[in-house]
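Coordinate inspection notes
Below, each chain spelled out in residue letters.
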Amino acid sequence: MDRLLNTVRPYAWGSTTAIPGLLGTPPTGTPQAELWMGAHPAAPSRVERDGTPVPLDTLIAADPEAALGPDTVGRFGPHLPFLFKVLAAADPLSLQVHPDPEQARAGHADEEARGIPLDAPHRNYKDPRHKPELICALTPFDGLCGFRAPDATAELLAALDVDSLKPYADLLHAHPEDAALREVLTAVLSAERGAVADTVARAAAAAERLAHEDGPHRQAYAAYASVARHYPGDPGVLAAMLLNHVRLQPGEALYLGAGVPHAYLEGLGLEVMANSDNVLRCGLTPKHVDVPELLRVVRFEATVPRVLRPEAEPDGSEVYDTPAPEFRLSRHAMAPGAPAHPLTADAPQIVLCTEGTVALRGADGGELRLERGQSAFVAAGERVELAGADDGTAYRATTG
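Now for a quick tour of the structure. None of these values were measured; they are calculated from a predicted model.

Parameters and conventions
- Residues numbered from 1 in each chain as written.
- Predicted model: local features only at pLDDT ≥ 70, side-chain atom pairs only at ≥ 80, totals over all residues.
- Heavy atoms only, no water.
- Phe/Tyr/Trp six-rings, centres within 6.5 Å; stacked < 30°, edge-to-face > 60°.
- Lys NZ or Arg CZ within 6 Å of the ring centre and 35° of its normal.
- Buried < 20%, exposed > 50% of the residue type's maximum accessible area, 1.4 Å probe, protein only.
- Helix = DSSP H or I, 4+ residues; strand = E, 2+ residues; numbered from the N terminus.
- Pairing = 2+ DSSP bridges.
- Axes fitted to C-alpha atoms, helices over the stretch in contact; angles between N-to-C directions.
- Parallel < 35°, antiparallel > 145°, perpendicular 65-115°, else oblique.
- Left-handed = near helix turned anticlockwise from the far one by under 90°.
- Contact = heavy atoms within 4.5 Å.
- Nonpolar A, V, L, I, M, F, W, Y, C, P; charged D, E, K, R; others polar.
- Salt bridge = Lys/Arg side-chain N within 4 Å of Asp/Glu carboxyl O.

1. Considering the packing of aromatic side chains
By the definition in use, this model includes three aromatic pairs. It is R9 that lies over the ring of W36; its NZ or CZ is 4.5 Å from the centre.

Right, dumping it as structure tokens:
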């Protein structure tokens, strides 16, 4: 068991107060967007060895099988296959999709063959891996996820009563589902920014008005109006209007697979993902948007977002069920005197305390107490159990 020293990433969309509130530290006045727990080379967690902080990726590289277990190394290579984060959004993140495994391998190989530098702003595939992810709300959490049914979106756009949106609404009515969604998204993202700026402004003003009126899309209109305030004139605002609005309550989660367009809007949550940097952006960002490659990766199908709630396991944990092999998230509500939860596994684990205090107890009698905001790495095969020091809640990330 090793207590983790983690890095906070100061992206501009981050909250100035949410992560400091979780960690019990004073706000700095600047955005604190993500707290990274893991071995990503850009910001690896650190553990203490003989009084010296050692990056977790360095520790794993020294003996991958001891840290990760033979099974994990055999399945994913000598690297921690997941990244665990606390994500604190005050402003909307970029609208984006992730490739599937085959697309990631092919895209990475192609860009490597063409000699595109890894740090080039137009680079899409920085590694050959896919990037499924799970977001689990710690506070009410707003996001956009997946395409709404085209007919329903056509009605939503029509209600805005903006003449320049009517051609999009007509397209959504006139074609089969996949063709309709593809044609409208292509038209929106291929348009010159100046040509759609007035449409975006008018649509945003109408969405702001409808957000204050009773109706089935009231919350969605409020979300789109908020997006437009942060990204005035961005064609991505119109792309966002094609997507379902989702509001998660604390403890609820959303799984995001390949090709599903999504954006996180506001709230504090836990994110666990395959350890990859592959992102294709659709808008709501000053960064590069590769429209042809994006259209190749997006899955043009309407979906109803499936909100996940944790399912009870015999060991006392509650598991969020996803198909991702790289990660598995579970929640552990611990009361003083309640039976401990066994955590021993042939896989690496990261445990984060989100409420109260919990204790990790080793077979040798050692104990590591975790208070709110503190986390620990548990190597594969280490005999450990989780107990409540007082009323505490912990989340555990490990492999799927």
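2. Considerations on the pairing of strand β6 (residues 82-89)
Buried residues dominate β6, accounting for eight of its eight residues. Bridging between strand β3 (residues 34-37) and β6 involves four bridges; their strand directions are antiparallel. Looking at β6, one finds that M37 is bridged to F84. Taken together, the eight bridges between β6 and strand β12 (residues 262-274) define a ladder with antiparallel strand orientation. Counterpart to L87 in the pairing with β12 is G269.

3. With respect to the packing of helix α9 (residues 193-210) against helix α10 (residues 218-230)
The interhelical angle for the contact between α9 and α10, taken along N-to-C directions, is 140 degrees, at an axis separation of 8 Å. One element, α9, and the other, α10, form an angle in the oblique class. In terms of crossing hand, the pair formed by α9 and α10 is left-handed. Where α9 approaches α10, its residues A204, A207, E208 and L210 are matched on the opposing element by R218, Y221, A225, A228 and R229. Taken together, the residues of the contact of α9 with α10 break down into six nonpolar, no polar and three charged.

4. Focus: the sheet that holds strand β23 (residues 384-388)
Strand order in the open sheet formed by four strands is β18-β23-β20-β21, with antiparallel pairing between adjacent strands. In this open sheet, the two strands that pair with only one neighbour each are β18 (341-342) and β21 (367-371).

5. Quick word on the packing of helix α6 (residues 150-160) against helix α7 (residues 166-174)
Taken N-terminus to C-terminus, the directions of α6 and α7 make an angle of 160 degrees; their axes are 8 Å apart at the nearest point. With respect to α7, the axis of α6 lies roughly antiparallel. Classified by chirality, the crossing of α7 by α6 is left-handed. Seen from α6, the contacting residues are P150, D151, T153, A154 and L157; seen from α7, they are Y168, A169, L172 and H173.

6. Some words on the side chain of E271
On the secondary structure map, E271 appears in strand β12. Aside from chain neighbours lying at most four places away, what touches E271 is E34, L83, F84, K85, L87, E133, L134, I135 and Y264.

7. A look at the pairing of strand β17 (residues 328-334)
With five of seven residues buried, β17 is to be regarded as a mostly interior element. Where strand β16 (residues 318-320) and β17 come together, three bridges link them in antiparallel fashion. Looking at β17, one finds that E318 is bridged to R331. Sheet topology places β17 next to strand β24 (residues 392-398); seven bridges connect them, and they run antiparallel. Across the sheet, residue A333 finds its bridge partner in β24, namely T393.

8. Regarding the sheet that holds β24
Strand pairing in a sheet takes place through backbone hydrogen bonds and is either antiparallel or parallel in direction. Within the open sheet, the seven strands sit side by side as β1-β22-β19-β24-β17-β16-β15. Their pairing is antiparallel. With partners counted over all chains shown, the strands left at the sheet margins are β1 (2-3) and β15 (311-312), one partner each. Note: strand β19 (residues 349-355) against β24, six bridges, orientation antiparallel. Bridging across to β24, I350 finds its partner in A397.

9. Structural notes on unusual backbone geometry
Notably, D161 is not glycine yet its phi reads approximately 55 degrees, a positive angle. As for its position among the elements, D161 is in the loop between α6 and α7. At L284, a residue that is not glycine, the phi angle is positive and equals roughly 60 degrees. Within the secondary structure, L284 is located in the loop between β13 (280-283) and α12 (291-297). Residue L284 is classed as buried on the basis of its relative accessible area of 1%.

10. What to know about the pattern of salt bridges
Inspection of the entire model under this criterion finds 20 salt bridges. A salt bridge links R75 to D71, with the nearest nitrogen and oxygen atoms 3.6 Å apart. With R75 and D71 both in helix α4 (residues 70-76) and four residues apart, this pair spans about one turn of that helix. The partly exposed category is assigned to R75, whose relative accessible area is 38%. With relative accessibility at 43%, the residue D71 sits in the partly exposed group. Across the salt bridge formed by E208 and R229, the nearest N and O atoms sit 2.5 Å from each other. Highlighted residues: E208 in helix α9 and R229 in helix α10, separated in sequence by 21 residues. For R229, a relative accessible area of 53% corresponds to the exposed category. Connected through salt bridges with shared partners, the residues E34, K85 and E271 form a single ionic network.

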